[in-house]
Amino acid sequence: MATGRFLTFEGMDGCGKTTQLRALAEWFRQQGRSVVETVEPGGTEIGRQIRKVLLDPANTAIFPRTELLLYFASRAQNVEEVIRPALDRGDLVLCDRFTDSTLVYQGAGRGLQAPVVRELDRIACQGLEPHLTILIDIDLETSLLRARRRNAKVGQDESRIDDESAAFHSKVREGYLELAAMFPERIVLIDGRATMAEVTRLIQEAVLERV
Ligand code: TYD
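Residues numbered from 1 in each chain as written. Predicted model: local features only at pLDDT ≥ 70, side-chain atom pairs only at ≥ 80, totals over all residues. Heavy atoms only, no water.

## Looking at the site of the ligand
The environment of the ligand is made up of 16 residues, and the closest members are D13, R51, R97, T102 and Q106. In the environment of the ligand, an oxygen atom lies 2.8 Å from a nitrogen or oxygen atom belonging to the side chain of R51. Between T102 and the ligand, the recorded distance is 2.6 Å, taken from a side-chain N or O atom to an oxygen atom. When the ligand sits alone it has 540 Å² of accessible area, and the protein chains cover 93% of it. Most atoms of the ligand, that is more than half of them, are within 2 Å of grid points of the largest pocket. (Near = heavy atom within 4 Å. Polar contact = N/O pair within 3.5 Å; in protein donor to acceptor, adjacent residues only side chain to side chain. Areas by Shrake-Rupley, 256 points an atom, 1.4 Å probe, with all protein chains shown as cover. 1 Å grid on protein atoms, 1.4 Å probe; cavity = no way out; pocket = protein on both sides within 12 Å on 5 of 7 lines; lining within 4 Å. Sits in = over half its atoms within 2 Å of the grid points.)

## Brief notes about empty space enclosed by the protein
If a probe as big as a water molecule is rolled over the atoms, it shows which places are left empty. Considering all chains together, one arrives at one cavity of 30 Å³ or more under this definition. Each pocket or cavity is described by its volume, and for the largest cavity that value is around 30 Å³. Forming the walls of the largest cavity are E10, D100, T133, L135, Y176, L179 and I187. Listing elements by their share of the lining of the largest cavity, those giving two or more residues are β4 (132-137) and α7 (166-182). Of the residues assigned to the lining of the largest cavity, the class counts are four nonpolar, one polar and two charged. (Points joined across faces, edges and corners; volume = space filled by probe spheres on them. Helix = DSSP H or I, 4+ residues; strand = E, 2+ residues; numbered from the N terminus. Nonpolar A, V, L, I, M, F, W, Y, C, P; charged D, E, K, R; others polar.)

## Regarding the side chain of Q106
Mapped onto the secondary structure, Q106 falls in helix α4 (residues 99-109). A polar contact is formed between the side chain of Q106 and the side chain of E67, at a distance of 2.6 Å. Those residues in contact with Q106, other than ones at most four positions away along the chain, are E67, L68, Y71, S101, G111 and L112. (Contact = heavy atoms within 4.5 Å.)

## Observations regarding helix α8 (residues 196-210)
Taking 1.5 Å of rise per residue, the 15 residues of α8 would be expected to cover 21 Å, and the 21 Å separating its terminal C-alpha atoms lies within 8% of that figure. Where α8 is concerned, the buried positions are V199, T200, I203, Q204, A206 and V207. Viewed end-on, α8 has its buried residues packed into an arc of 165°, placing them on one side of the element. Facing away from the buried surface of α8 by more than 90 degrees, the exposed residues are A197, L208 and E209. (Expected span 1.5 Å × (residues − 1). Buried < 20%, exposed > 50% of the residue type's maximum accessible area, 1.4 Å probe, protein only. Arc of directions from axis to C-beta.)

## So, the environment of I187
Along the chain, the position of I187 falls in strand β5 (residues 187-191). Each residue touching I187, except ones within four places of it in the same chain, is listed here: D100, T133, L135, L179 and A180.

## Some details on the pattern of salt bridges
Tallying each qualifying case throughout the model produces 17 salt bridges. R89 is the partner of D91 in a salt bridge, and the nearest nitrogen-oxygen pair spans 3.0 Å. For D91, a relative accessible area of 7% translates into the label buried. Judged by its relative accessible area of 55%, R89 is exposed. (Salt bridge = Lys/Arg side-chain N within 4 Å of Asp/Glu carboxyl O.)

## Side note on the pairing of β4
Burial runs high along β4: six of the six residues are buried. What you see with β4 is no split at all: L132, I134 and I136 on one side and T133, L135 and D137 on the other are buried throughout. Of the strand pairs in this sheet, strand β1 (residues 5-11) and β4 are connected by five bridges, and their pairing is parallel. Within β4, the residue paired with G11 across the bridge is I136. (Pairing = 2+ DSSP bridges.)

## Examining the layout of surface pockets
Its boundaries defined by the atoms lining it, the largest pocket holds a volume of some 810 Å³. Mapped onto the lining of the largest pocket, the elements with two or more residues apiece are α1 (17-30), α2 (45-55), α3 (64-89), α4 and α6 (140-154). Looking at which element gives the most residues to the lining of the largest pocket, the answer is α6, with seven residues. By residue class, the composition of the lining of the largest pocket is 10 nonpolar, nine polar and 14 charged. Size it by volume and the second largest pocket reaches roughly 270 Å³. Residue lining of the second largest pocket: 15 residues in total, with T99, R118, D121, E129 and R186 positioned closest to the centre. Within the residue set of the lining of the second largest pocket, elements represented by two or more residues are β1, α4 and α5 (114-125). Here the lining of the second largest pocket is composed, by residue class, of five nonpolar, three polar and seven charged.

This is the structure we're talking about:
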């Protein structure tokens, strides 16, 4: 029986989830907890290679189903190599994106069927589900602006999904809000317009209450 806890962070590009994940990890470590940070896609050596294929803007030839399978290929490797063993040790695992991302980007965004995504999740993750998911919500304009700014700074080599249309990202946001309404006991919706410190505080509060 796994005794650890599995927390995921979700939200649109530029919502601040990566910064907040790091802050939460630091906060737990200060309390003496053993924390593992990981990311999807990526998180393992194999996953990082898959991530390159997925996010390279030159790879415009990828079909939606190929993309879907690659996201789950990265996740299957991460679950088996990193996440499960950490949970079995009793660690706290913080993951930057997980299957909710696939449900909204490939499901809602690309129009692939949610039951197909859930079936692949069953195969790739073997029943592993987050105990808690922090969803940081920002509006479309803020997301596009922050993603553009970041890509200008760090380069365009991971921008394939960011480059999608505003209509695509708008479906992604709707998808997230629908998921939050569907699973209120698992997903905590946090308003990403608040200051960084305030978002950090809201996340700590939610985690204390539920984990
Ligand atoms: P990420 O590294 O979190 O990028 P960002 O910091 O811009 O949020 O995720 C990379 C991209 O991959 C992001 O645009 C969302 C997309 N993605 C999917 O389309 N499906 C998935 O299942 C996952 C995990 C990510």
